[in-house]
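# Results of the structural survey
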Amino acid sequence: QVQLVESGGGLVQAGGSLRLACAASGRTFSTYAMGWFRQAPGKEREFVGGITQGGTNTYYADSVRGRFTISRDNAANTVYLQMNSLKPEDTAVYYCAATVGLGTMASLWRYWGQGTQVTVSL
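Residues numbered from 1 in each chain as written. Predicted model: local features only at pLDDT ≥ 70, side-chain atom pairs only at ≥ 80, totals over all residues. Heavy atoms only, no water.

## A few points about the pairing of strand S7 (residues 68–73)
With burial as the criterion, only one face of S7 is covered, namely that bearing Phe68, Ile70 and Arg72; the residues Thr69, Ser71 and Asp73 on the opposite face remain uncovered. Of the strand pairs in this sheet, S7 and strand S8 (residues 78–83) are connected by six bridges, and their pairing is antiparallel. Opposite Arg72, over in S8, you have Val79 as the bridge partner. Where S7 folds back onto S8 in an antiparallel hairpin, the turn is made up of four residues, including Asn77, whose phi is positive at roughly 55°. (Buried < 20%, exposed > 50% of the residue type's maximum accessible area, 1.4 Å probe, protein only. Helix = DSSP H or I, 4+ residues; strand = E, 2+ residues; numbered from the N terminus. Pairing = 2+ DSSP bridges.)

As structure tokens, then:
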């Protein structure tokens, strides 16, 4: 069992930056690939990016590639999402997730955080 708690969301102007963090409980954090998803009102939950267990490989949605960066600290049981050059269309609830085999479909991810709101204003 893994419990995930996100933090760092908030309101930011377009062009600004935010850093989300996701703290995981348990001793098995390093055995899970970690990912970030987001869900805007009226839309399906979408993959933002993911990072493999050791942090060697990262994957991003086309809409955020070059602006967002995922990293992890296995010693601290934490994964981060650095978001730069934010746009109003990035507004959504952002969720942290954990799985064994990394994939872009939300149904493949086993554990989820409660989400944190990110709002980007003009």
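Resuming the write-up.
## Overview of the packing of aromatic side chains
Within the structure shown, the criterion is met by five aromatic pairs. Arranged with centres 5.6 Å apart and planes meeting at 75°, the rings of Phe37 and Phe47 form a pair that is edge-to-face. With Phe37 in strand S4 (residues 33–39) and Phe47 in strand S5 (residues 46–51), this pair connects stretches of sequence that are 10 residues apart. For the pair Phe37 and Phe47, one class covers both residues: buried. With a centroid separation of 6.4 Å and an interplanar angle of 80°, the aromatic rings of Tyr95 and Trp112 are classed as edge-to-face. You can see Tyr95 sitting in strand S9 (residues 92–99) and its partner Trp112 sitting in strand S10 (residues 111–112), a full 17 residues away along the chain. For Tyr95, a relative accessible area of 14% puts it in the buried group. (Phe/Tyr/Trp six-rings, centres within 6.5 Å; stacked < 30°, edge-to-face > 60°.)

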